[in-house]
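# Inside the fold
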Amino acid sequence: QLPAEWRPLSEGCRAELAAIIVYARVLALHPDPYGAYNYLPWQRDAPGGAQQGAGDLFYSAEIELLCDQAWGSMLEVPAGSRLNLTGLGYFSCHSHTVMQGYSYFFFLRMDENYILLPHGVNFQEAIFPDTQENRRMFASLFQFSNCSQAQHTLSFSSDWEIQEDNRLMCSSVQKALFEEEDRVKKLQQKVATLEKRNKQLRDRVKKVKRSLRQARKNSRHMELVNRKLSEKLSSAAGQIPYINSLKQENSHGTYLKV
């Protein structure tokens, strides 16, 4: 699974980030046992039998450099040197495959044990077949001027200044793009924070309106109760004089009778 901020990079841009770039021929292939660089996810803790069964998926290659390593590479070996490259084969998310007797351009890296591995810069391809298109793409790195005699007839020349300008432009453009994406990401985070605060304010306003409506409802209810109570009191107060007059009449008649 690629990171959320992942963006595809051109081969030229990734070449600037690769630790080692070589142009080499595959002399021989050798099966690799299950190890730190050769495993499938479900076989990391698998028993020995399952690990041996997957051995044919992974292999190392003996390669011979047809040119000096690309300019800027960390590997200081001349053309004609032979090296062992591991980490080849079919993996769960990618594959680094080569065929014996064919030539390739390799993006490589070296681990802490000085083992050479494919360097999939930006989680993209690390091995490129020897084609005219790829020769043109990597001509600015090699120029094929110091390659072995067998390769001179297949040399490819290109406009060095244009290639170098493209490389410099690639670096500056990619840097600007990353800076712009970083700025946009920060703005999106600020917008998300403001939207969250705005939602909290809306919720508070809703609660206040709800409380206000309830208070108004309670006030109307109290007014209605007070009105009914006042009407009852007024009715009761109107009946008191009539009762008093009745009492007086009754008391006077009784006195005359006696």
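This is a predicted model, so every value here is computed, not measured.

Basis of the calculations
- Per-chain numbering applies: the sequence of each chain, read as written, is numbered from 1 onward.
- Only residues with pLDDT of 70 or above have their local features reported here, since the model is predicted, and side-chain atom pairs are shown and tallied only from 80 upward, although totals for entire chains, interfaces and linings are computed over all residues.
- Side-chain calculation: all heavy atoms of the structure are included, whereas hydrogens and water are not.
- Helix and strand definitions here come from DSSP, where helices need a minimum of 4 consecutive H or I residues and strands a minimum of 2 consecutive E residues; each element is numbered from the N-terminal end.
- When a residue's accessible area, from a 1.4 Å probe over protein chains only, is under 20% of the maximum for its type it is buried; when over 50% it is exposed; and in between it is partly exposed.
- The contact rule is simple, with two residues in contact once any of their heavy atoms fall within 4.5 Å.
- At least two DSSP bridges between two strands are needed for those strands to be called paired.
- Whenever a carboxyl oxygen of Asp or Glu lies within 4 Å of a side-chain nitrogen of Lys or Arg, that contact is scored as a salt bridge.
- Each patch is built from salt-bridge-free residues with over 30% relative accessible area, joining like charges within 9 Å and nonpolar side chains (Val, Leu, Ile, Met, Phe, Trp, Tyr) within 5 Å.
- Here, Shrake-Rupley sampling with a 1.4 Å probe gives the accessible areas, and only protein chains in the shown set may cover a residue.
- When charges are counted, neither His nor the chain ends are considered; positive counts come from Lys and Arg and negative counts from Asp and Glu.
- Where a charge lies is defined by one atom per residue type, namely NZ (Lys), CZ (Arg), CG (Asp) and CD (Glu).
- Note on ring pairs: Phe, Tyr and Trp rings are taken, using the six-membered ring of Trp, and paired if centres are within 6.5 Å. Classes follow the plane angle, with under 30 degrees stacked, over 60 edge-to-face and the rest tilted.
- pLDDT runs from 0 to 100 and stands for how confident the predictor is about each residue.
- Here, nonpolar core means buried Ala, Val, Leu, Ile, Met, Phe, Trp, Tyr and Cys residues that are tied together by side-chain atoms lying within 4.5 Å of each other.

## Thoughts on the overall build of the protein chain
Scanning the protein chain for helices and strands turns up five helices and seven strands. Counting helices and strands in the order they occur from the N terminus, the protein chain gives α-β-α-β-β-β-β-β-β-α-α-α. With 258 residues in all, the protein chain has 28% of them scored as buried. Considering only residue pairs separated by 6 or more positions, the protein chain has 68% of its internal contacts joining residues 24 or more positions apart.

## Quick word on unusual backbone geometry
One non-glycine residue with positive phi stands out, namely Tyr114, at about 60 degrees. The topology assignment puts Tyr114 in the loop between strand 5 (103-110) and strand 6 (116-118). Taking relative accessible area as the criterion, Tyr114 reaches 67% and is therefore assigned exposed.

## Concerning the pairing of strand 2 (residues 58-65)
Burial analysis of strand 2 places seven of its eight residues in the buried class, the great majority of the element. Where strand 1 (residues 20-31) meets strand 2, seven bridges bridge the pair, whose relative direction is antiparallel. Bridge pairing links Leu29 to Ala61 in strand 2. Bridge count for strand 2 against strand 3 (residues 82-90) is six bridges, and the pairing is antiparallel. Pairing of Glu62 across the sheet is with Asn84, part of strand 3.

## Some points on the pattern of salt bridges
What the rule picks out here adds up to six salt bridges. Glu62 is paired through a salt bridge with Arg82; the nearest N and O atoms lie 3.8 Å apart. In this pair, Glu62 sits in strand 2 while Arg82 sits in strand 3, placing the two residues 20 residues apart along the sequence. In this structure, Lys199 engages Asp203 in a salt bridge whose closest nitrogen and oxygen atoms are separated by 3.4 Å. Remark: Asp203 and Lys199 occur in helix 5 (residues 160-257); sequence separation between them is four residues, near one turn of the helix.

## Thoughts on a positive patch on the surface
On the surface, Arg202, Arg204, Lys206, Lys207, Lys209, Arg210 and Arg213 cluster together into a patch of positive charge. Take Lys209: it is sitting in helix 5.

## Topic: the packing of aromatic side chains
The tally for this structure, following the rule as stated, stands at six aromatic pairs. A ring pair is formed by Phe107 and Phe138, whose centres lie 5.9 Å apart and whose planes are at 80 degrees; its orientation type is edge-to-face. Remark: Phe138 occurs in helix 3 (residues 132-142) and Phe107 occurs in strand 5; sequence separation between them is 31 residues. Of the aromatic side chains, those joined through ring pairs into one cluster are Tyr23, Phe105, Phe107, Phe128 and Phe138.

## Let's talk about the confidence of the model for the protein chain
In the predicted model, the protein chain carries a mean pLDDT of 77, and 70% of its residues have values of at least 70. By mean pLDDT, helix 2 (residues 48-53) is the weakest element of the protein chain at 46, and strand 7 (residues 127-129) is the strongest at 94. Predicted confidence is poor over residues 47-53, with pLDDT under 50, and the contacts of this stretch with residues over four places away or in other chains come to four contacts. Contacts of residues 254-258 to residues separated by more than four positions or lying in other chains number zero contacts, the stretch itself having pLDDT below 50.

## Things to note about the nonpolar core
The nonpolar side chains of a soluble globular protein tend to be buried with one another. Among the nonpolar cores identified, the biggest contains 35 residues, and Ile21, Val98, Phe106, Phe107, Phe138 and Phe142 are the most heavily contacted of them. Elements supplying a minimum of two residues to this core: strand 1, strand 2, strand 3, strand 5, strand 7 and helix 3. Ranked by residue count, the leading element in this core is strand 1, at six residues. Ignoring sequence-local partners within four residues, the contact set of Phe106 consists of Ile20, Ile21, Val22, Ala24, Val26, Ile63, Leu85, Val98, Ala126 and Ile127.

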